[in-house]
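Inside the fold
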Amino acid sequence: MKPKAAVDVISLPNGALSPRASASLKPRTDSQDSGKSKFSSLCKQISLKEIQTASLRKKVRWSAVCGVMLFFLGLISLFTGHVDSDLDWYSHRLMGRSLYSSMVYEPIDFWKSKYSRVYRGCSKKGANFPPAVREQSSNGYLLIAASGGLNQQRTGITDAVIVARILNATLVVPELDHDSYWRDNSEFTNIFDVNWFISSLAKDVTIVKKVPAKFMRSMEKPPYTMRVPRKSPPEYYLDQVLPILLRRRVVQLTKFDYRLANDLDDELQKLRCRANYHALRFKKSINQLGQKVIARMRKMGKRYVAVHLRFEPDMLAFSGCYYGGGEKEIKELTEIRKRWVTLPDVSAEEERQRGKCPLTPHEVGLMLQALGFTNDTYLYVASGEIYGGEETLRPLRELFPNFYTKELLASEELKPFFPYSSRLAAIDYIVCEESDVFVTNNNGNMAKLLAGRRRYMGHKRTIRPNSKRLSALFLRRNQTSWTTFANMVRYYQRGSMGEPDEMKPGQQEFLEYPYSCICKKPPRNDANSTKNNGEVHSGQAGIELETRT
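Residues numbered from 1 in each chain as written. Predicted model: local features only at pLDDT ≥ 70, side-chain atom pairs only at ≥ 80, totals over all residues. Heavy atoms only, no water.

Bringing the sheet that holds strand 8 (residues 379-382) into the picture now. As summarised here, the arrangement of the five strands in space is 9-8-7-10-11, forming an open sheet in which the pairing is parallel. The open sheet has two edge strands, strand 9 (403-404) and strand 11 (462-463), and neither has a second partner. Along the sheet, helix 20 (residues 445-456) contacts strand 7 (305-308), strand 10 (437-440) and strand 11; its crossing angle with strand 10, the most-contacted strand, is approximately 150 degrees. (Pairing = 2+ DSSP bridges. Helix = DSSP H or I, 4+ residues; strand = E, 2+ residues; numbered from the N terminus. Contact = heavy atoms within 4.5 Å. Axes fitted to C-alpha atoms, helices over the stretch in contact; angles between N-to-C directions.)

Here you go:
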């Protein structure tokens, strides 16, 4: 029997296997004839315990047996990474009314979270957070060499502010990476509003554009250069970096990306939010063009979905995944993968089963349709060079004809930006940030940054594909009806739709879930509530987000 085509209730196939009713095993009563002697003889051979055991065994229903089997297969899935999807599939196909068919969920508005008006960002520093140390009184100058593409460098710049605060150092405006895969020679001032960056953080950290020339001439040795381990805690910087800074007065930290621990005290986490969400503002020319693209999307449709496909050659090579392109694809992606000398050899099939492979553009389109987005939805696709070009994109275009990119919407205005991948990425960042729905297709830097920012800005809808489970489902797409497929997609996506209760503090990268900077708005009739710079507080302190379980 076909499943019910309901959007708001996840209904798996009806018509459960009906196990035969087991007849209860009851001992015969004593008869008044020769049956009495037979029964007495039988009692000598079968103990009461055996009778009870036999009765209990026959009373066991097949549904209980299936439940035990599902439980053990679920345990196995922890190790195989694939059985859980198979388990759901076969229980869906064979059992009909399974454990899942009784699960009834309240409807999901896939355009907007119902909590978007309940939570807001709150990164205002506490009353006991000391002001910044002035340049002349600081422990020295901290130079930072960021690493990677635009969004990876953004994480490094944000953490550089925190490290400068920890060391009581004067931060020099960070240098951007010119030698990465993208070969972009843009400077900080070409992308960000440097004056705003310095002034907005002036009460937290002293920042200068460069080390004073007079100070540099007085130095006996050049700046000390070092690279700290990834995810280093504050104690490492105090024990290993500070003594060198005090001795040499200028220290440069290289390859600075993810070099600071994820878990910090709340005041430092709030400073992270102030740096990332407020101080790092794109320069005027970039921001204006981004707003133009947004206006053109809004003019065509009242609302739009932004999709970050991340299906570029470097991403596919890094993931170690395979998409059916034969020897040509293997050769091309293997050559690109060589730039990461520390990457281990992996099995493409195993990586897909583990959910480590980006969905294809076609699979992203199928997921969106299954969730309920109709083919008249306006789609903004944020991406660089798609591997396979137009042929790879064609299935997504056919599913959603209202398909737009920054190149289609602002071809002339973009010409000055074409040689600079970071500036192009900044345009995508702005348009995705302002979208009604943002769909990620991997767990990369832009996806994490925008997911965190959209949570901070009021839990704007952010959809993250459950790739581990969807990948197995896509492999069997032709073996089921569309209604069944859509129901399974909606079932698998529960918990990956950007709701407040999907994550727990510390479970993910802080930049993806900035829990220290998310507050619950007080009731409107709360006389003690105050507003400061768009932040909502109850009394003098924000109510921290309570994760529902």
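Let us look at the pairing of strand 6 (residues 250-256). Most of strand 6 sits inside the fold, with six of its seven residues counted as buried. Sheet analysis places strand 2 (residues 141-146) next to strand 6, joined by five bridges and oriented parallel. Within strand 6, the residue paired with Tyr-141 across the bridge is Val-250. In terms of strand pairing, strand 5 (residues 224-226) meets strand 6 through three bridges, oriented parallel. Within the sheet, the bridge partner assigned to Tyr-224 lies in strand 6 and is Val-251. Crossover connection from strand 5 via helix 9 (residues 234-248) to parallel strand 6: handedness right-handed. (Buried < 20%, exposed > 50% of the residue type's maximum accessible area, 1.4 Å probe, protein only. Right-handed = clockwise from strand over helix to strand, strands pointing away.)

Quick look at the packing of helix 15 (residues 361-371) against helix 16 (residues 389-399) now. Close contact between helix 15 and helix 16 brings their axes to 7 Å; oriented N to C, the two are set at 20 degrees. Taken together, the axes of helix 15 and helix 16 lie roughly parallel to each other. Crossing of helix 15 against helix 16: the hand is left-handed. Between helix 15 and helix 16, the residues in contact are Pro-361, His-362, Gly-365, Leu-366 and Gln-369 and Thr-392, Leu-393, Pro-395, Leu-396 and Leu-399, respectively. The residue makeup of the contact of helix 15 with helix 16, split by class, is six nonpolar, four polar and no charged. (Parallel < 35°, antiparallel > 145°, perpendicular 65-115°, else oblique. Left-handed = near helix turned anticlockwise from the far one by under 90°. Nonpolar A, V, L, I, M, F, W, Y, C, P; charged D, E, K, R; others polar.)

Quick look at the state of the cysteines now. Using the criterion set out here, one finds three disulfides in the structure. With its sulfur 1.6 Å from that of its partner, Cys-122 forms a disulfide with Cys-519. Taking the sign of the torsion about the S-S bond as the criterion, the disulfide between Cys-122 and Cys-519, at about 80 degrees, is right-handed. Within this pair, whereas Cys-122 is found in the loop between strand 1 (119-121) and strand 2, its partner Cys-519 is found in strand 12 (residues 518-520), the two being separated by 397 residues in sequence. (Disulfide = S-S within 2.5 Å.)

What follows deals with the sheet that holds strand 4 (residues 207-208). In space, the five strands of this open sheet follow the order 4-3-2-6-5, with parallel pairing throughout. Edge positions in the sheet fall to strand 4 and strand 5, since each has one partner strand and no second. Where strand 3 (residues 170-172) meets strand 4, two bridges bridge the pair, whose relative direction is parallel. Counted as the bridge partner of Leu-171 is Ile-207 from strand 4. Of the strands in this sheet, strand 2, strand 3 and strand 6 touch helix 5 (residues 150-167), which is tilted by about 165 degrees from strand 2. The strands that helix 9 touches are strand 2, strand 5 and strand 6; relative to strand 6, the one it contacts most, it runs at about 135 degrees.

Attention shifts here to the environment of Asn-262. Mapped onto the elements, Asn-262 comes out in the loop between strand 6 and helix 10 (266-279). Residue classification places Asn-262 among the buried residues on the basis of a relative accessible area of 18%. Expressed as a C-alpha distance, the spacing of Asn-262 and Gly-506, which sit 244 residues apart in the sequence, is 7.8 Å. Among all residues touching Asn-262, those that are not within four sequence positions of it are Lys-231, Gln-269, Arg-272, Gln-508, Glu-509 and Phe-510.

Once that is clear, we can look at the environment of Thr-334. By the secondary structure assignment, Thr-334 is in helix 13 (residues 326-337). For the pair Thr-334 and Phe-318, spaced 16 residues apart in sequence, the C-alpha to C-alpha distance is 9.1 Å. Among the polar contacts made by the side chain of Thr-334, one reaches the main-chain carbonyl oxygen of Ile-330 at a distance of 2.5 Å. (Polar contact = N/O pair within 3.5 Å; in protein donor to acceptor, adjacent residues only side chain to side chain.)

Looking at the element boundaries, Asp-376 is found in the loop between helix 15 and strand 8. Expressed as a C-alpha distance, the spacing of Asp-376 and Phe-400, which sit 24 residues apart in the sequence, is 6.6 Å. At a separation of 2.3 Å, a polar atom in the side chain of Asp-376 contacts the side chain of Thr-374.

A separate point is the confidence of the model for the protein. Of the residues in the protein, 76% have a pLDDT of 70 or more, and the chain-wide mean is 81. Taken together, the stretch residues 75-105 has pLDDT below 50 and engages in 68 contacts with residues farther than four places along the chain or on a different chain. This stretch, residues 526-549, has a pLDDT under 50; its non-local contacts, to residues over four places away or in other chains, come to 50 contacts. (pLDDT = per-residue confidence, 0-100.)

Another aspect to go through is helix 20. Under the 1.5 Å per step criterion, the end-to-end length of helix 20 is 16 Å for twelve residues, consistent within 8% with the ideal 16 Å. In terms of burial, helix 20 is largely enclosed, as eleven of its twelve residues are buried. Looking one or two residues beyond helix 20, the residue adopting positive phi is Gly-458, at roughly 110 degrees. (Expected span 1.5 Å × (residues − 1).)

The next subject is helix 9. For helix 9, built from 15 residues, the straight-helix expectation of 21 Å at 1.5 Å per residue is met to within 8% by its first-to-last C-alpha distance of 20 Å. Its axis deflected by about 45 degrees at Val-241, helix 9 carries its strongest bend there, up to four residues before the proline Pro-243. Within helix 9, the full set of buried residues consists of Pro-234, Tyr-237, Val-241, Leu-242, Ile-244 and Leu-245. Among the structural elements, strand 2, helix 5, strand 5 and strand 6 are those in contact with the buried residues of helix 9. Arg-249 sits one or two residues past helix 9 and shows a positive phi near 75 degrees. (Bend = angle between axes of the 7 residues up to and from the residue.)

Looking now at the packing of helix 11 (residues 284-300) against helix 19 (residues 421-433). Across the interface, helix 11 lies against helix 19 with an axial gap of 9 Å and an inter-helix angle of 50 degrees. With respect to their mutual orientation, helix 11 and helix 19 come out oblique. The hand of the helix 11/helix 19 crossing is right-handed. When helix 11 is examined against helix 19, the residues Ile-286, Asn-287, Leu-289, Gly-290, Gln-291, Val-293 and Ile-294 are found in contact with a partner set consisting of Arg-423, Ala-426, Ile-427, Ile-430 and Val-431.

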